[in-house]
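Residue-level structure breakdown
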Amino acid sequence: MVEEKIAKELRAIAGGDGYLDSREDLLNYSYDSSVDEAMPDAVVLPNSTEQISKIMKIADREKIPVIARGAGTNLSGGSIAVKGGIVIALTRMNAIKEFSKENRYAIVEAGLVNLDFQNYAMKQGLFFPPDPSSWAVATIGGNIAENAGGPRGVKYGVTRDWILGLKAVLADGTVIQTGGVTFKNVTGVDLTSLFCGSEGLLGIVTEATLKLLPLPPFKQSLQVFYPKIDDASKTVARIIGSGIVPVALELMDRVVINVVEDAKKIGLPKDVAAMLLVMVDGIESECRNQVRLIEQICKEEGASRVAIAENETQEEALWLGRRSALGCMSQLRPNCLLEDVTVPVSNLPVMIKGIYEIATKYNLTIGVMAHAGDGNTHPMIVTDKRDKEEWERAEKAIGDIFKLAVDLGGTLSGEHGVGISKKPFMNLIYGEAEFRVLKDLKKVLDPNGILNPGKIM
Amino acid sequence: MTKQQKELLSERTNEHVYHCAKCGLCLDACPVYKELLVESASPRGKVQLAKHIIEGDLEISKKMEDILFSQCLLCGSCVIACPSGVKQNELFSGLRWRTAQRHGMPLAKKLFFQVLSRRWLMSTSSWFGKWVRKIFSGPAIESRIEVGNLPVSAIPPLNDKPFNAAYPEIVMPEDEIRARILYFHGCATNYVFADVGKAVVSVLTNMGVQVEIPRGQSCCGLPIFLSGDRKTAIRCITEALGLFARDDVDAVIVDCATCGSALRHEYAHILRELKDLGEDVSEDMIEKAQLLQSKVRDVSEYVAAHMDWLAAMPSRDGARKIRVAYHDPCHLMKGQGVTMQPRTILKSIPSVEYVEMEKAGTCCGGGGEFQIEFGDTSALITNRKIGYIHDANAQILATGCPGCNITIRAHLDKNKNMQVLHTIQVLQKSIDGTLDNFIDSGITAD
């Protein structure tokens, strides 16, 4: 519990309905989309950067942990209050403060939902490339804190690539502004990038300047089915190797296809081993040419069926299943442990084969989904946390998957971040020197260690 | 499984809380969350609280009561959005039931439900009328000008006499009989929207359908069990099953989205859950509920499936067309999956120019009693919806739910001269050739 004296101060800042500390409210901010839970001591829903600055001054003075939270869709336990403290939920800071069509940037508050912004930008003929699968709910601030990716990452990269500047509040309440509105800007060290993917350890991002792109004039998607998954992953490596840059290149295996079909009834064949979803965008003639080339590669690699979307409705239908796949996995068993190991794309076939071997070794059901085009693989272990013995096997399997990814020249996390779930494995990636740099950095920006303690290191 | 779990809700219902992946997709679907932006308003948040209640480490507090009743419309949007197949509606209505048992229900509400559930009281006494006047009009309320978010002046008056008093029990078509149906007209048609009932009977008999209107039918029970009073609701369910669970008819036709979703989805679930919890419910009742469920069709669904039975409507070459938009009621779209059929009907009418409004499927914010008890939240949702409706620039808004009808007509901009009708009324007026007159008189009257 937060002392009444401090609670009073916080209430004075955030207003009556902006400060929550009932048991019900605390339980409602004790989770994210991962499997862990931890109770905070209070929740504050601020309306402005100034309010957050004031809250930070109090928290720093009292040495109370502060955890920034967007919509709580992160998958690493990153926004869970493992050491208690104050959750600052930014959902009510969702304004678009400036939108410059001519200069192709927008300044938005951190709590704005990604898709709400996309819908706004699209009406002006522009878009913000990062598209995490949770985009209907996830906030821009959360996207930045986790440096989120998404299916479009193959062509357009991740969140960091589209942030021109940030407003952030440091642990002691200091407000800083990084970057600016120009696309080119090398004045000083790139502090913007420092905050992207920092998981709330270095400061709280309250506003972001987003770089936008004009909507491509044309896009087209293919849906490809395979009797053998190995052929599907080889196709991926070949498409990328051929020099084509698709917008997205997604893979779903039999387990995932079946679950999605059972839940959504969208007409996916349940007897195939894998499905690829490929999207290209750009000038129509060029797209059609690329689609033809991709189709040819798919067939040469053993695809049993290729479907090409011919209009917007068909496009939507092809992608619907992919976006809801994670949630659908929970129909199978109560819990789904979703990882996001990433390997060089040429090693994708080995990675996927390895995941299946690990599933057999530990006698687990693992579905595989992947942003295959950039080697970002989502093994999904379905289990039930209430079954302790199986849970232990699942945890061991995850350890094996991480080791395999690193052995293949890859990394633990492509887009979800470390949080608490990957923390025990950080030493596979970071050595003593790297940890020291991170600790020194933390000491400078957050000397009392109040920002999201217990994460990453 | 602990003792507490067994006692509170059935195991089948409990299991839902363990299948929530907390992915958050329901936050985007929930009209209440979208306005309040606080996690307790989200379906995911309530599932989390349900889990802790079921596991016995959270009390059903007054705060919980507030969350369950004031931050949820039970519109079912989350159920449709949930990729994990969690049936939040079953979970939340079960918890409302337990909450009402613990904290009781406001006296006025209790009285209303008792009255509603006993048709003899409804048809032979003025109790129902008294209650409706108390909530919807009368000096006490008029002095308050608004009931929650519902302005009194915009609420339709009660029928002069109940709808079913004007019809024989069986209404025959003029020519051959193509089908036989039972008509469940619900309270709204019987007491407030008699014209909807007339339109249903007129259209169906025009199609060659024999319409049987069972005497003695009363409330479907949905507003009652959604408020947590399952004991009273069981009376409604038992009566409805006695009158409508018949396999000698082709269909049971319902004109109210809410009643339809109750008959179709809620009865069997509630009966099974109560049986699992050791209440006095027989397997025979559950079977009857399943039979009824298989027969229920929304009137728009039934008509759209038999469009060829409708007599041809005069074509309108060159004449002006009337612009009609359609609003999807939650209990029809999310509750019963009926979306295309009303549009099919409207588009088939020669004198109608159908316009698809933006966000036709979002909630109107009414939620039955929600708008009365929790006016502020309701107003936020309703205002957003009304904006979309006016943007469609139509002369008629068709819909299939008396609740949506009341909410929407109460908030429309009077200067826009827009009328709200049941889809079937638009069809009936088109068949009768009175749609133009209706529009013209509507404009002059306002």
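Before going further, it helps to examine the overall build of chain A. Along the backbone of chain A there are 15 helices and 18 strands. Computed over its C-alpha atoms, the radius of gyration of chain A comes to 22 Å, within 12% of the 23 Å expected for a compact globule of 457 residues. Here the C-alpha coordinates of chain A stretch approximately 70 × 60 × 45 Å along the principal axes. Across chain A, the centroid of the 51 positively charged side chains sits 1 Å from that of the 59 negatively charged ones.

All names here are of chain B. For Lys359, the location among the structural elements is in the loop between strand S9 (352–355) and helix H22 (370–373). A relative accessible area of 43% places Lys359 in the partly exposed class. Spatially, the C-alpha atoms of Lys359 and Leu243 are 38 Å apart, while their sequence positions differ by 116 residues. If we skip the residues at most four places from it in the chain, Lys359 touches Lys385 and Tyr388.

Attention now moves to the interface of chain B and chain A. Tallying the contact residues gives 36 residues for chain B and 35 residues for chain A. Regarding the contact of chain B and chain A, the summed buried area is about 2700 Å², with carbon and sulfur atoms giving 50% of it. Taken as a group, Leu37, Glu39 and Pro83 of chain B account for 18% of the area that chain B buries against chain A, more than any other trio of residues on that side. Here chain B and chain A share seven salt bridges between them. Between Asp57 of chain B and Arg23 of chain A there is a salt bridge, with its nearest N and O atoms 3.8 Å apart. Between the two partners, chain B and chain A, sit 20 residue pairs in polar contact (both at pLDDT 80 or more). Counting only elements with at least two residues in the side of chain B that touches chain A, the list comes to helix H2 (11–18), helix H3 (25–29), helix H4 (31–36), helix H5 (43–54) and helix H6 (62–70) of chain B. It is H5 of chain B that contributes the most residues to the side of chain B that touches chain A, seven residues altogether. For the side of chain B that touches chain A, the class distribution of residues is 15 nonpolar, nine polar and 12 charged.

Turning our attention to unusual backbone geometry. Residue and element names in this part refer to chain A. Despite not being glycine, Glu199 shows a phi value in the positive range, around 50°. Glu199 gets classed as buried once you look at its relative accessible area, which sits at 5%. Phi at Lys265 is positive, roughly 50°, even though this residue is not glycine. Along the chain, the position of Lys265 falls in the loop between helix H9 (254–264) and strand S14 (274–282).

Now for the domain arrangement of chain A. Residue and element names in this part refer to chain A. Each assigned domain of chain A is listed here: domain 1 (4–89), domain 2 (96–214), domain 3 (216–332) and domain 4 (333–445). Computed over C-alpha atoms only, the centres of domain 2 and domain 4 are separated by 26 Å. Between domain 2 and domain 4, the residue contacts involve 14 residues of the former and 11 residues of the latter. Roughly 1000 Å² is buried in total at the junction of domain 2 and domain 4, and carbon and sulfur atoms are behind 57% of that figure. Three residues, Val154, Glu199 and Leu202, lead the burial of domain 2 against domain 4; their summed loss comes to 38% of the area buried on that side. Inspection of the domain 2/domain 4 interface yields zero salt bridges. Per-class residue counts for the side of domain 2 that touches domain 4 are eight nonpolar, four polar and two charged.

A few words now on the sheet that holds strand S8 (residues 163–169) of chain A. Residues and elements named next belong to chain A. Overall, antiparallel pairing links the five strands, which are arranged S5-S6-S10-S8-S9 in an open sheet. Two strands lie at the open edges of the sheet, namely strand S5 (96–100) and strand S9 (175–179), each paired on one side alone. Between one strand axis and the next, the sheet turns by 10° as a mean value, whatever way the strands run. Pairing analysis gives five bridges linking S8 to S9, with the strands arranged antiparallel. Within the sheet, the bridge partner assigned to Ala168 lies in S9 and is Ile176.

Moving on, we come to the packing of helix H1 (residues 4–14) of chain A against helix H3 (residues 49–62) of chain A. Residue and element names in this part refer to chain A. Viewed as axis vectors pointing N to C, H1 and H3 meet at an angle of 170°, and their least axial separation amounts to 9 Å. Relative to H3, the element H1 lies roughly antiparallel. Each of Lys5, Ile6, Glu9, Leu10, Ile13 and Ala14 in H1 lies in contact with H3, whose residues at this interface are Gln51, Lys54, Ile55, Ile58, Arg61 and Glu62. Considering only residue class, the contact of H1 with H3 consists of six nonpolar, one polar and five charged.

Another point: the domain arrangement of chain B. Residues and elements named next belong to chain B. In terms of domains, chain B is made up of domain 1 (3–103) and domain 2 (312–445). In this structure, domain 1 and domain 2 have C-alpha centres spaced 31 Å apart. In this assembly, 14 residues from domain 1 lie in contact with 13 residues from domain 2. For the pair domain 1 and domain 2, the summed buried surface comes to about 1100 Å²; carbon and sulfur atoms form 69% of the total. Taken together, domain 1 and domain 2 are joined by one salt bridge.

What follows concerns the packing of aromatic side chains. In this description, an aromatic ring pair is defined by two values, namely the gap between the centres and the angle between the planes. All names here are of chain B. By the definition in use, this model includes 11 aromatic pairs over all chains. Both rings, one in Phe163 and one in Tyr183, keep their centres 5.9 Å apart while their planes meet at 75°; by these two values the pair is edge-to-face. Residue Phe163 is located in the loop between strand S2 (150–151) and strand S3 (170–171), and its partner Tyr183 is located in strand S4 (residues 179–184); the two are separated by 20 residues in the primary sequence. Phe163 sits in the buried class, given a relative accessible area of 2%. Accessibility expressed as a relative area gives 0% for Tyr183, which makes it buried. Between the aromatic rings of Tyr302 and Trp309, the centroid separation amounts to 6.5 Å while the plane-to-plane angle is 75°, which identifies the pairing as edge-to-face. Assigned by exposure class, Tyr302 and Trp309 land together as buried.

Once that is clear, we can look at the sheet that holds strand S4 (residues 86–89) of chain A. Read across the open sheet, the four strands follow the order S1-S2-S4-S3 (chain A); overall the sheet is mixed. Of all the strands in the sheet, the pair left with one neighbour each is strand S1 (19–20) and strand S3 (66–69) of chain A.

Below, the discussion takes up helix H13 (residues 348–361) of chain A. Residue and element names in this part refer to chain A. With 14 residues, H13 should reach 20 Å at 1.5 Å per residue; the first-to-last C-alpha distance of 20 Å fits that figure. Along H13, the residues that are buried comprise Leu348, Pro349, Met351, Ile352, Gly354, Ile355, Ile358 and Ala359. Tucked inside the fold, the buried residues of H13 contact helix H8 (229–241), strand S13 (248–253), strand S17 (365–371), strand S18 (376–383) and helix H14 (388–407). Residue Asn363 follows H13 closely and has a positive phi angle near 55°.

Parameters and conventions
- Residues numbered from 1 in each chain as written.
- Chains lettered and ligands numbered in written order.
- Predicted model: local features only at pLDDT ≥ 70, side-chain atom pairs only at ≥ 80, totals over all residues.
- Heavy atoms only, no water.
- Helix = DSSP H or I, 4+ residues; strand = E, 2+ residues; numbered from the N terminus.
- Rg over C-alpha atoms; globule rule 2.2 N^0.38 Å.
- Lys, Arg positive; Asp, Glu negative; His and termini not counted.
- Charge placed at Lys NZ, Arg CZ, Asp CG, Glu CD.
- Buried < 20%, exposed > 50% of the residue type's maximum accessible area, 1.4 Å probe, protein only.
- Contact = heavy atoms within 4.5 Å.
- Buried area = accessible area lost by both parts, 1.4 Å probe.
- Salt bridge = Lys/Arg side-chain N within 4 Å of Asp/Glu carboxyl O.
- Polar contact = N/O pair within 3.5 Å; in protein donor to acceptor, adjacent residues only side chain to side chain.
- Nonpolar A, V, L, I, M, F, W, Y, C, P; charged D, E, K, R; others polar.
- Domains from an automatic or database assignment.
- Pairing = 2+ DSSP bridges.
- Axes fitted to C-alpha atoms, helices over the stretch in contact; angles between N-to-C directions.
- Parallel < 35°, antiparallel > 145°, perpendicular 65-115°, else oblique.
- Phe/Tyr/Trp six-rings, centres within 6.5 Å; stacked < 30°, edge-to-face > 60°.
- Expected span 1.5 Å × (residues − 1).

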